[in-house]
Amino acid sequence: MRGSPARRLSLDRARVLAILNLTPDSFSDGGELVTVEAAVERAAGAMRDGADGLDIGGESTRPGAARVGAAEQIRRVVPVVRAIRRALGDGVGISIDTTSAEVGERALEEGADAI
């Protein structure tokens, strides 16, 4: 991960990234994280439970899922990245799960560390 040394993940051992699916049709959580507050709460809980970082996505990759444009992914992801940074600080590493360069770039600008 790029960013400050506090947010770099050493790969000297296996690492666990908590996955936050910010999609209403998520295959793993049924769209539970539809508000910024819910996502921040889940992120804080994951870090308390021992996650090494967070991986945040705004588009479902389940089979048959509809594609989501960059603007909608940004609308879902960027406010959550900002809120997690405010709530949890710089000590948590954040990666963005996207196939869109535009989404990745915006997320990095807002505090994410990796795509």
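As a starting point, this report considers the structure included with it. (Residues numbered from 1 in each chain as written. Predicted model: local features only at pLDDT ≥ 70, side-chain atom pairs only at ≥ 80, totals over all residues. Heavy atoms only, no water.)

Before going further, it helps to spend a moment on the overall build of the chain. Of the regular secondary structure elements, the chain holds 3 helices and 3 strands. Taken from the N to the C terminus, the helices and strands of the chain come in the order β-α-β-α-β-α. Partitioning the intrachain contacts of the chain with sequence separation of at least 6 by distance along the chain shows that 63% fall at a separation of at least 24. Just so you have it, the chain exposes about 6,200 Å², and 52% of that area is on carbon and sulfur atoms. (Helix = DSSP H or I, 4+ residues; strand = E, 2+ residues; numbered from the N terminus. Contact = heavy atoms within 4.5 Å. Areas by Shrake-Rupley, 256 points an atom, 1.4 Å probe, with all protein chains shown as cover.)

The interhelical angle for the contact between helix α2 (residues 70–88) and helix α3 (residues 101–109), taken along N-to-C directions, is 20°, at an axis separation of 9 Å. It follows that α2 is roughly parallel to α3 by the angle criterion. Note on packing geometry: the crossing formed by α2 with α3 is right-handed. Contacts between α2 and α3 involve A70, Q73, I74, V78, V81 and R82 from the first element and E102, V103, R106 and A107 from the second. Considering only residue class, the contact of α2 with α3 consists of 6 nonpolar, 1 polar and 3 charged. (Axes fitted to C-alpha atoms, helices over the stretch in contact; angles between N-to-C directions. Parallel < 35°, antiparallel > 145°, perpendicular 65-115°, else oblique. Left-handed = near helix turned anticlockwise from the far one by under 90°. Nonpolar A, V, L, I, M, F, W, Y, C, P; charged D, E, K, R; others polar.)

We now examine the pairing of strand β3 (residues 93–97). Within β3, 4 of the 5 residues are buried, which leaves it mostly tucked inside the rest of the structure. Across 5 bridges, strand β2 (residues 53–57) lies against β3 in parallel orientation. Its bridge partner being in β3, G53 is matched across the sheet by G93. Crossover handedness for the path β2 to α2 to β3: right-handed. (Buried < 20%, exposed > 50% of the residue type's maximum accessible area, 1.4 Å probe, protein only. Pairing = 2+ DSSP bridges. Right-handed = clockwise from strand over helix to strand, strands pointing away.)

Scanning the entire structure with this criterion turns up 9 salt bridges. The shortest N-O distance in the salt bridge between R13 and D52 comes to 3.2 Å. Here D52 lies in the loop between α1 (36–48) and β2 and R13 lies in the segment before β1 (17–21), a separation of 39 residues in the sequence. When its relative accessible area of 46% is taken as the criterion, R13 is described as partly exposed. Exposure remark for D52: the relative accessible area of 17% places this residue in the buried category. Linking R67 and E59 is a salt bridge whose minimum nitrogen-to-oxygen distance equals 2.9 Å. Accessibility expressed as a relative area gives 67% for R67, which makes it exposed. Each of D12, R13, R15 and D52 takes part in salt bridges that share partners, so that together they form one network. (Salt bridge = Lys/Arg side-chain N within 4 Å of Asp/Glu carboxyl O.)

Our focus in this paragraph is the sheet that holds β3. The 3 strands are arranged β1-β2-β3 in an open sheet whose pairing can be described as parallel. Whereas interior strands pair on both sides, the edge strands pair on one side only; in this sheet they are β1 and β3. In this sheet, adjacent strand axes meet at a mean angle of 25° when their direction is disregarded.

Take the pairing of β2 next. β2 sits mainly inside the fold: 5 of its 5 residues count as buried. Of the two faces of β2, both are covered, the one formed by G53, D55 and G57 as well as the one formed by L54 and I56. Looking at chain direction, β1 and β2 are connected through 5 bridges and run parallel. Residue pairing in the sheet places L20 in a bridge with I56 of β2.

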